[in-house]
Amino acid sequence: MSGRINPVYLVGLILLVIFPFAVQAAWPESLKYYLHLAIQILLWAFIYTGWSLMGRFGLVSLGHAAFTGVGAYVTVLLWNFAGLTPLIGIPIAVACSVLLSQLVGYPCFLQKIRGHYFALLTLAMTEFVRLVIVGLRDYTGGSLGTQPKRYEDGISLYAVQFEPDRMLSYFIALVVWVVGLYIWVRVDRSMDRFALDAANQDDDAAASVGIDVTREKLKISAISAAMCAFGGAMYGQYQMYIGPDTVAGLGISLNIVFAVVAGGVWVMLGPTLGAVITLMLAEVLRVTISSSEALKGVFGTGALLLDTAIYGLLLILFIIYMPKGILGTASEWWANRRSNPHGSG
């Protein structure tokens, strides 16, 4: 397959590079707000892309919030209590998440646990990690969460803290996102992809032709967990706050699944579109709820959880009516149109 970059992607990347300068020129007073949204979208798109590496091969996990949580908390705790720079702490956190993925994945794949049983097992893993975080409240802050200790003026490579400089944070997030897409492409173009596709169809048939199914699944699980852990760590370093419900809760796992399913699990930019949808939906609801006394009166404090309820409803609708997601469905329609330009559609 050609290694040339699609001109459309190149133009898109150039537009993303120009984006903060265009916003600065057009709406300087709102620059921080728009960059904040863009940074969150890029970081979560990286995490969603990590999940899609497993999801596209039938390994539907509801436990990836455990990996983002481990990535964020291990990094922050090593910095707060051991004074260990995140430059070292993040690789350790990623290694812990990969180890967790292998400890959970090995018996599952060896025993050929898949489908809803695999999903439930990974769901239990997420809850286990969340309960550990809440239980170690003396270190983690429990359900209230915790913050990385701010280093000097808050901008430091040593402490991996850049939050005060939104422009710098944006370009760091952009690089992280591009690396995520590169990993997706490498997996998509590798021989492992065909092995995993075969295993997704039939484990026994794949094994009969010499594919080490357990090894292939463990490998993709490790890559997926590593990406989610790294994304969780970077998200925590940017937000300068982490909590069990912001990086490790069940709601995070469900958001990940919804975003990827909505955008398109088999399309490179599907998870990114899913990130745009989920974060813009959350932002619209936040603004609407904060400005509406009627909604606060009807739902009370539960109004803040409306986004999770809407995600669940939309996930059901997408699974039933658009299982390939928005970009997946659009790509299929375009491919059919090109192959049959004079057809009735």
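Structural data are supplied above this passage.
What comes next concerns the included structure. Remember, predicted model here, so these are calculated numbers, not experimental data. Position numbers for residues start from 1 in each chain and track the written sequence from start to end. This being a predicted model, a pLDDT of at least 70 is required before a residue's local features are given, and a value of 80 or more before pairs of side-chain atoms are given or counted; all residues contribute to the totals for chains, interfaces and linings. Water and hydrogen atoms were dropped before computing side-chain values, which therefore reflect all heavy atoms in the structure.

**Some thoughts on the overall build of the chain**
Then step 1. What counts as a helix is a DSSP run of H or I of at least four residues, what counts as a strand is a run of E of at least two, and both are numbered from the N terminus. Tallying secondary structure elements over the chain gives 16 helices and zero strands in all.
Then step 2. All radius of gyration figures rest on C-alpha atoms, and the globule criterion is 2.2 Å times the number of residues raised to 0.38. Whereas a compact globule of 345 residues would reach a radius of gyration of roughly 20 Å, the chain reaches 21 Å, a difference of no more than 12%.
Then step 3. Projected onto its principal axes, the C-alpha positions of the chain cover 55 × 50 × 45 Å.
Then step 4. Per-residue accessibility, obtained with a 1.4 Å probe over protein chains only, is compared with the maximum for each type, and a residue is labelled buried under 20%, exposed over 50%, and partly exposed between these values. Relative to its full complement of 345 residues, the chain shows a buried share of 46%.
Then step 5. Two residues form a contact once any of their heavy atoms are found within 4.5 Å. Relative to all contacts within the chain whose residues are 6 or more apart in sequence, the contacts with residues 24 or more apart total 77%.
Then step 6. Per-residue and other accessible areas follow the Shrake-Rupley method at a 1.4 Å probe size, with only the shown protein chains counted as cover for residues. Counting only carbon and sulfur atoms, one obtains 68% of the accessible surface of the chain, whose full area is about 17300 Å².
Then step 7. Lys and Arg are tallied as positive, Asp and Glu as negative. Neither His nor the chain termini are counted. By convention, the point assigned to a charge is CZ for Arg, NZ for Lys, CD for Glu and CG for Asp. Distance from the positive charge centre (21 side chains) to the negative charge centre (20 side chains) of the chain: 5 Å.

**So, unusual backbone geometry**
Then step 1. With phi around 60°, K112 is a residue other than glycine that occupies positive phi space.
Then step 2. By the element assignment, K112 lies in the loop between α4 (86-110) and α5 (115-135).
Then step 3. Unusually for a residue other than glycine, V160 sits at a positive phi of about 50°.
Then step 4. Mapped onto the elements of the fold, V160 is located in the loop between α6 (137-140) and α7 (166-188).

**Description of the packing of aromatic side chains**
Then step 1. The aromatic pairing rule takes the rings of Phe, Tyr and Trp, using the six-membered ring of Trp, and pairs them if the centres are within 6.5 Å, calling planes under 30 degrees apart stacked, those over 60 edge-to-face and the rest tilted. Tallied over the full model, the rule gives 15 aromatic pairs.
Then step 2. Look at F19 and Y170: their rings are 5.9 Å apart centre to centre, the planes differ by 40°, and that puts the pair in the tilted class. Here F19 is found in helix α1 (residues 7-26), whereas its partner Y170 is found in helix α7, with 151 residues between them in sequence.
Then step 3. With 6.2 Å between their ring centres and 40° between their planes, W333 and W334 make a pair best called tilted.
Then step 4. A residue is classified by how much of its surface remains accessible, and W333, at 48% relative accessible area, is partly exposed.
Then step 5. Ring pairs connect the aromatic residues F19, F21, Y170 and F171, which therefore count as one cluster.

**Here we look at the layout of surface pockets**
Then step 1. Volume-wise, the largest pocket comes out at about 1400 Å³.
Then step 2. Of the two site types, the cavity is a set of points on a 1 Å grid over the protein atoms alone where a 1.4 Å probe fits but cannot get out, and the pocket is an open set with protein on both sides within 12 Å along at least five of seven lines, each lined by residues with an atom within 4 Å of a point. Y9, L181, V185, M268 and L269 are, among the 39 residues lining the largest pocket, the residues nearest its centre.
Then step 3. Looking at the lining of the largest pocket, the elements with two or more residues in it are α1, α2 (31-55), α7, α13 (270-290) and α16 (325-339).
Then step 4. Looking at the lining of the largest pocket, the element that brings in the most residues is α7, giving nine residues. Grid points are joined across faces, edges and corners, and a volume is the space filled by probe spheres set on the points.

**Considering the side chain of Q40**
Then step 1. As for its position among the elements, Q40 is in helix α2.
Then step 2. The exposure class assigned to Q40 is buried, which follows from its relative accessible area of 11%.
Then step 3. For Q40, the residues in contact, after removing those within four places along its chain, are Y235, Q239 and L279.

**Some words on α2**
Then step 1. Every helix has an expected span of 1.5 Å times one less than the residues it contains. Look at α2: 35 Å from first C-alpha to last across 25 residues, which is about the 36 Å you get at 1.5 Å a residue.
Then step 2. Among the 25 residues that make up α2, 21 are buried, leaving the element largely enclosed by the rest of the structure.

**Some points on the pattern of salt bridges**
Then step 1. Salt bridges are identified by distance alone: a Lys or Arg side-chain nitrogen within 4 Å of an Asp or Glu carboxyl oxygen. In the structure shown here, the tally under the stated rule is eleven salt bridges.
Then step 2. A salt bridge links D203 to K217; its shortest N-O distance comes to 3.3 Å. Here D203 is found in helix α9 (residues 203-208), whereas its partner K217 is found in helix α10 (residues 213-239), with 14 residues between them in sequence.
Then step 3. The buried category is assigned to K217, whose relative accessible area is 6%.
Then step 4. Residues K324 and E332 are paired through a salt bridge, measuring 2.5 Å at the closest nitrogen-oxygen approach.
Then step 5. The exposure class of K324 is partly exposed, given its relative accessible area of 36%.
Then step 6. Taken together, the shared-partner salt bridges connect R56, D188, R193 and D197 into one network.

**Quick notes on the state of the cysteines**
Then step 1. When two cysteine sulfur atoms lie within 2.5 Å, the pair is treated as a disulfide. The full count for this structure, using the stated rule, is zero disulfides.
Then step 2. For C96, which is in no disulfide, the shortest distance to another cysteine sulfur is to C228 and amounts to 15 Å.
Then step 3. Classification of C96 as partly exposed rests on a relative accessible area of 33%.
Then step 4. Looking at C108, it has no disulfide partner, and the nearest cysteine sulfur is the one in C228, 17 Å off.

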